[in-house]
Amino acid sequence: MVGLTKLDKSVEGGIVVPEKHFYFSIGAAVGSVVCAAIAKKRHTLRKTSHFFQWLYRKEPHWFLYFPVIIFMVGLWGLIPDIIHFTGWLSKDITRTHLFDVFFFHTTFEHIENTMPVIDSYLNFLGQLLLSIVCIGTMLFYVKQVKKAVIAFEEKSKAENEK
Amino acid sequence: MSDYLLSDYLTGAGHFGVGFVAGFFIFLLFLGMSRKALWVRLYGPFIPFLLGGIAAVPYFFTYKLTCDQPLWGHFFFFYPFFHCQPLFVKFFGNIHVVVVVCGLLYVVILWRYIVLVKYIRRYGWSNQARQKRRRRHRRA
């Protein structure tokens, strides 16, 4: 272990930890884009889609639960790892080109094994993306709380004036 | 858990996990001290991220994974102290444990935000103090 650098570690074939957050963070970023698209069109969808009408009836604050979508889309990238971790299929099979459907899993696994420098950059990018998504989600809620406080104050003012 | 997940020092993720958990407890402490302050509920959940980030910063700049760490690391949430502490290494040295613990704490943070938004949309924030006073009045 003496004098071992992070780069040497990854060259040795990931003896410490398999870094899988890159796939998850790509998924989380894609999930955030999906959520942003739904957020923009949700009022239009309420008028046209029966599903969204049902959703509004069941839970008027349904959009507050949007991180679930981010998590689900993020999980899509981890499916090949879950498959071979649980022993359904071997690693050789989960690294065929068919599994590129899961956010280019096979391509990135190939990069992880052959190009450790690029892999370390990708992992850093993954960490950055994940931090942006996590903190961005929290900032969204802060904005919602501030909006709700102002809306409630205006509502109570209008009621008092009546 | 297999042995290859464990090492004799904390990685960046492990340091982030230590900082995140400590930050979460600091947030809970602040929350207990001033429950009526909205800003604690709004910005308090950022403390775990801030502390976790600070705790992991030296990992990006010290390219040695050994236990002899520079003294300046202590400014970043006692980085050299946590780096080779056997108890912390045993728990936070496993990436899966860090992911599960931080993930669950993040879910708690988001859940609190959702409950807060729903509450304020329904009752507003300034009303909460009044309602509490009324309840106390009724009990008395």
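Now for a description of the structure that goes with this document. Note that the coordinates shown come from a computational prediction; the quantities given were computed from them, not determined experimentally.

Moving on to the overall build of chain B. Looking only at helices and strands, chain B features seven helices and zero strands. Listed N to C, the secondary structure of chain B is α-α-α-α-α-α-α in terms of helices and strands. The buried share among the 140 residues of chain B stands at 31%. When contacts within chain B are restricted to residue pairs at least 6 apart in sequence, long-range pairs at least 24 apart make up 69% of them.

Across its full length, chain A holds eight helices and zero strands. When burial is assessed residue by residue, chain A has 22% of its 162 residues classed as buried. Look at the contacts in chain A between residues 6 or more apart in sequence, and 66% of them connect residues 24 or more apart.

With that settled, consider the packing of helix H2 (residues 21-48) of chain A against helix H3 (residues 50-58) of chain A. Residue and element names in this part refer to chain A. Put simply, H2 and H3 touch, their axes get as near as 6 Å, and they point 100° apart. Taken as axis vectors, H2 and H3 run roughly perpendicular relative to one another. Taken together, the residues of H3 that come into contact with H2 (itself represented by Arg42, Leu45 and Arg46) are Phe52, Gln53 and Tyr56. Here the residues of the contact of H2 with H3 are counted per class, giving three nonpolar, one polar and two charged.

With that settled, the discussion passes to the nonpolar core. All names here are of chain B. Phe16, Phe20, Leu51, Ala55, Phe77, Tyr79 and Val98 are the most contacted members of the largest nonpolar core, which totals 21 residues. Among the secondary structure elements, those contributing two or more residues to this core are helix H1 (12-33), helix H3 (46-61), helix H4 (79-83) and helix H6 (95-123). Once residues within four sequence positions are removed from consideration, Ala55 is found in contact with His15, Phe16, Val18, Gly19, Phe76, Phe77 and Tyr79.

As a further point, take the environment of A:Ile69. Residues and elements named next belong to chain A. Turning to its location among the elements, Ile69 is positioned in helix H4 (residues 67-76). Residue classification places Ile69 among the partly exposed positions, given that 15 C-beta atoms sit within 10 Å. Note: C-alpha distance between Ile69 and Trp54 (15 residues apart in sequence) is 18 Å. Setting aside its immediate chain neighbours within four residues, Ile69 contacts Gly31, Val34 and Cys35.

Residues and elements named next belong to chain B. At Phe77, a residue that is not glycine, the phi angle is positive and equals roughly 50°. Position of Phe77 relative to the elements: it lies in the loop between H3 and H4. The phi torsion at Phe78 lies on the positive side, around 50°, for a residue other than glycine.

Right, let's get into H2(A). Residue and element names in this part refer to chain A. An ideal rise of 1.5 Å per residue puts 40 Å on 28 residues; H2 measures up with 37 Å between its terminal C-alpha atoms. By the largest-angle criterion, Arg42 marks the main kink of H2, which is about 60°. Looking only at H2, the buried set comprises His21, Phe22, Tyr23, Phe24, Ser25, Ile26, Gly27, Ala28, Gly31, Ser32 and Cys35. Elements that come into contact with the buried residues of H2 comprise H4, helix H7 (105-114) and helix H8 (116-161).

Attention now goes to the environment of B:Ile109. All names here are of chain B. Of note, Ile109 is situated in helix H6. On the basis of neighbour counts, which here come to 21 C-beta atoms within 10 Å, the residue Ile109 falls in the buried class. On a C-alpha basis, the gap between Ile109 and Phe24 in space is 9.0 Å, while along the polypeptide they are 85 residues apart.

This brings us to H4(A). Within the span of H4(A), buried status applies to A:Pro67, A:Ile70, A:Val73 and A:Gly74. The arc that holds every buried residue of H4(A), seen down its axis, measures 125°, which confines them to one face. Relative to its buried face, H4(A) has exposed residues pointing more than 90 degrees away, namely A:Val68 and A:Met72. The elements touched by buried residues of H4(A) are H2 and H8 of chain A together with H6 of chain B.

The next thing to look at is the packing of H8(A) against H6(B). Look at H8(A) against H6(B): their axes get within 8 Å of each other, and the N-to-C directions meet at 15°. When the axis of H8(A) is compared with that of H6(B), the two are roughly parallel. Crossing angle aside, the handedness with which H8(A) passes H6(B) is left-handed. The segment H8(A) lies against H6(B), with A:Cys134, A:Thr137, A:Met138, A:Tyr141, A:Gln144, A:Val145, A:Ala148, A:Val149 and A:Phe152 engaging B:Tyr106, B:Leu110, B:Tyr113, B:Leu116, B:Val117, B:Ile120 and B:Arg121. Residue classes in the contact of H8(A) with H6(B) are distributed as 13 nonpolar, two polar and one charged.

What counts and what doesn't
- Residue numbering note: each chain is counted from 1, following its sequence as written.
- Lettering for chains starts from A, numbering for ligands starts from 1, and both go in the order in which the items are written.
- A pLDDT threshold of at least 70 governs which residues receive local features in this predicted model, and a stricter bar of 80 or more applies before side-chain atom pairs are shown or counted, although totals over entire chains, interfaces and linings include all residues.
- Helix and strand definitions here come from DSSP, where helices need a minimum of 4 consecutive H or I residues and strands a minimum of 2 consecutive E residues; each element is numbered from the N-terminal end.
- Put plainly, a residue is buried at 20 or more neighbouring C-beta atoms within 10 Å of its own, exposed at 12 or fewer, and partly exposed in between, counting only other residues' C-beta atoms, which are placed from the backbone.
- Residues are treated as contacting if the C-beta atoms built from their backbones sit within 7 Å of each other.
- Orientation is described by lines fitted to C-alpha atoms, with helices fitted over the stretch in contact, and by angles between N-to-C directions that extend from 0 to 180 degrees.
- Should an angle fall under 35 degrees it is taken as roughly parallel, and over 145 as roughly antiparallel, whereas 65 to 115 is taken as roughly perpendicular and any remaining angle as oblique.
- Note on residue classes: Ala, Val, Leu, Ile, Met, Phe, Trp, Tyr, Cys and Pro are nonpolar, Asp, Glu, Lys and Arg are charged, and everything else, Gly too, is polar.
- Note on definitions: a nonpolar core is a set of buried residues drawn from Ala, Val, Leu, Ile, Met, Phe, Trp, Tyr and Cys, linked by C-beta atoms within 7 Å.
- How far a helix is expected to stretch is found by multiplying one less than its residue total by 1.5 Å.
- Note on bend: the value at a residue is the angle between axes fitted to the seven residues ending there and to the seven starting there.
- Note that the arc is computed from the directions linking the helix axis to the C-beta atoms.
- Handedness of a crossing follows from how the near helix is turned relative to the far one, being left-handed for an anticlockwise turn of less than a right angle and right-handed for a clockwise one.

Any functional reading would require information beyond the geometric quantities listed.
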